[in-house]
Amino acid sequence: MSSYLITCTPAHGHVMPLLQIARHLVSRGDTVRFLTSTRYADRVRASGAQFLALPDDADVDLDDADAAFPERVGLTGPAALRFDIGNLFVRPAPAQLAAVRAELAVGEVDAVLTEPLFLGAALLQRLPREDRPPVVALGIFPLGAKSRDAAPFGLGVTPLPGWIGRVRNAALTVIAEKAVFGGVQREADAMSLRETGVPLGGFVLDWPSRADALVQFTVEGFEYPRSDLPATVHFAGPLAAPGSDLAVPEWWAQLDGSRPVVHVTQGTIANTDFDQLVLPTIAGLAASDVLVVVSTGGRSRDALPAQLPDNVRVAEYLPYDRLLPLVDVMVTNGGYGGVQQALGHGVPLVAAGQTEDKVEVCARIGWSGAGLNLKTNRPTAEQIARSVGRVLDAPSFRERARALAAELSSARGMDGLDRVLGSLIESPVVAGK
């Protein structure tokens, strides 16, 4: 039996996948402590882990960041990512590190497991290896490992092969690290010097690849090829869709294959404005011979117009393990977990998301050939109608999605995590020094 400390920034999309990992470790008989916001205390305890509260200075409500930072509203692309890195992730890191150090002083911890945007763990990783346990980054977002073969993370730029691509990538890296994110990087290095005595050790968004291990919850086929990928990066396959005891809606029997099913979702966080994706999808497909299945991500049905086209079906939540095998196309704003689950069932995608990590998820969807990247947060009804029609009509999208499904099905995320943890605890890896 081992003892683990899981650390997580207070955001629903970060906490939920880490709770899956906590439940798995608890089921193995491990002791798990979980450090995050008090808003998630009940869910943490329900997983079997011990809940630990972040200090107030680190407890930023990422689920309602616009309320805390009105100046964030309307930002997109690199500007939004730059703002979020500085305000939501870099500045809370010293308080996060203090909380982690306090917990390490309480009792033995075999490894600290963290999602990539908990930058207190990036600071912990800069301490001498003999003064800390192994730090394992959990790749629940697209891989951001710096590479000569890939453009910098956050730009949504897909690979360009050959020497031309490498020259382009090198130029974009200089621009990203010195200009676009230069101020944030300088702030992160100064913070690391104050807290640990050494700079951060590299680009702030690339710190997980300098951890003792990075367990990426996807397969290589969904990631950009990198000839210089660090040996510390391990592709583990996807996290499984959470088991669900949700009752299916009364219209479920209509998903009988008599007409194509198009599922549209804005996830459970970026769903306060259905004009972004859900309503354009409904409008664009109103005259199509498809069944449009909408998940509101927990919002009330009243958030949608009272009168909807006859081919629309709505539920607050839907059991993905039962729904996705019946879906022909998924329209998404690029939530990483939902995309992995859709591809795991061979479902091709139409993607429209340019904020946070979604710009990188959507870029990979288009690059992989398993769907279309509309490169916007607000596609028109006509764009969606054309794109869904193209994905339905062209077999290449489903063929590519099915190829990824075969790769995903052969890799079980938790098995890969277990192997990495076992190797670290039995034979510790020293990295990032």
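Residues numbered from 1 in each chain as written. Predicted model: local features only at pLDDT ≥ 70, side-chain atom pairs only at ≥ 80, totals over all residues. Heavy atoms only, no water.

Sites flagged by UniProt as "domain: Erythromycin biosynthesis protein CIII-like C-terminal" (unreviewed entry) map to residues 283-410. Along residues 283-410, the helical share is 42% and the strand share 15%, with 38 Å between the first and last C-alpha atoms. (UniProt positions renumbered as here; feature names shortened; annotations may be inferred. Helix = DSSP H or I, 4+ residues; strand = E, 2+ residues; numbered from the N terminus.)

On to the sheet that holds strand 3 (residues 50-53), then. Whether parallel or antiparallel, the strands of a sheet pair through hydrogen bonds between backbone atoms. The sheet built from seven strands is open, its strands ordered 3-2-1-4-5-6-7 with parallel pairing. Of all strands in the sheet, those bounded by a partner on one side alone are strand 3 and strand 7 (233-235). Ignoring strand direction, the axes of neighbouring strands in this sheet form an average angle of 25 degrees. (Pairing = 2+ DSSP bridges. Axes fitted to C-alpha atoms, helices over the stretch in contact; angles between N-to-C directions.)

Here we come to the pairing of strand 8 (residues 261-265). Counting buried positions along strand 8 gives five out of five residues, so the element sits mostly inside the fold. Along strand 8, one buried face is formed by Val261, His263 and Thr265 and the opposite face, lined by Val262 and Val264, is buried too. When strand 8 meets strand 9 (residues 291-295), the two strands line up parallel, connected through five bridges. Bridging across to strand 9, valine 264 finds its partner in valine 294. Looking at chain direction, strand 8 and strand 11 (residues 329-332) are connected through four bridges and run parallel. (Buried < 20%, exposed > 50% of the residue type's maximum accessible area, 1.4 Å probe, protein only.)

Compared with an ideal rise of 1.5 Å per residue, which puts 15 residues at 21 Å, helix 14 (residues 395-409) spans 21 Å between its outermost C-alpha atoms and is within 8% of the ideal. Of all the residues in helix 14, the buried ones are Phe397, Ala401, Leu404, Ala405 and Leu408. The buried side chains of helix 14 occupy one side of the element, clustering within an arc of 110 degrees when seen end-on. In helix 14, the exposed residues that point more than 90 degrees away from the buried face are Pro395, Glu399 and Arg402. In the core, the buried residues of helix 14 are packed alongside helix 11 (336-344), helix 12 (358-368), strand 13 (371-373) and helix 13 (381-393). (Expected span 1.5 Å × (residues − 1). Arc of directions from axis to C-beta. Contact = heavy atoms within 4.5 Å.)

Our next topic: the sheet that holds strand 10 (residues 312-315). In space, the six strands of this open sheet follow the order 10-9-8-11-12-13, with parallel pairing throughout. Each having just a single partner strand, strand 10 and strand 13 make up the two edges of the open sheet. Taking each pair of neighbouring strands and ignoring which way they run, the sheet shows an average axis angle of 15 degrees. Each of strand 8, strand 11, strand 12 (349-351) and strand 13 is contacted by helix 13, which is oriented at about 155 degrees to strand 12, the strand it contacts most.

Within strand 2 (residues 31-36), five of the six residues are buried, which leaves it mostly tucked inside the rest of the structure. In this structure, strand 1 (residues 3-7) lies alongside strand 2, joined through five bridges in parallel fashion. Residue pairing across strands places leucine 5 opposite arginine 33, the latter belonging to strand 2. The parallel pair strand 1 and strand 2, bridged by helix 1 (residues 12-27), forms a crossover whose chirality is right-handed. Bridge count between strand 2 and strand 3: four bridges; the pairing is parallel. Looking at the pairing, phenylalanine 34 lines up with phenylalanine 51 of strand 3. Following the backbone out of strand 2, through helix 2 (residues 41-46) and into the adjacent parallel strand 3, one traces a crossover that is right-handed. (Right-handed = clockwise from strand over helix to strand, strands pointing away.)

Non-glycine residue lysine 375 carries a positive phi angle of around 55 degrees. One can find lysine 375 in the loop between strand 13 and helix 13. According to the relative accessible area criterion, lysine 375 is exposed, its value standing at 63%.

With that out of the way, let us pick up helix 11. Taken together, the buried positions of helix 11 are occupied by Tyr336, Val339, Gln340, Gln341, Ala342 and Leu343. At the exit of helix 11 stands glycine 346, carrying a positive phi of roughly 70 degrees.

If you look at the biggest cluster of nonpolar residues, it comprises 48 residues, and the most contacted ones within it are Leu35, Ile85, Val90, Leu119 and Val204. The biggest single contributor to this core is helix 4 (residues 77-90), with six residues. Sequence-distant contacts of leucine 119, that is, excluding residues within four places in its chain, are made with Phe89, Val90, Ala93, Gln96, Val204 and Trp207. (Core = buried A, V, L, I, M, F, W, Y, C linked by side-chain atoms within 4.5 Å.)

Looking now at the confidence of the model for the chain. A low pLDDT score tells you not to read the predicted coordinates there in detail. Residues of the chain with pLDDT of at least 70 account for 96%, and the chain-wide mean is 91. For residues 428-433, every residue scores under 50 in pLDDT, and the model assigns this stretch 19 contacts once sequence neighbours within four places are set aside. (pLDDT = per-residue confidence, 0-100.)

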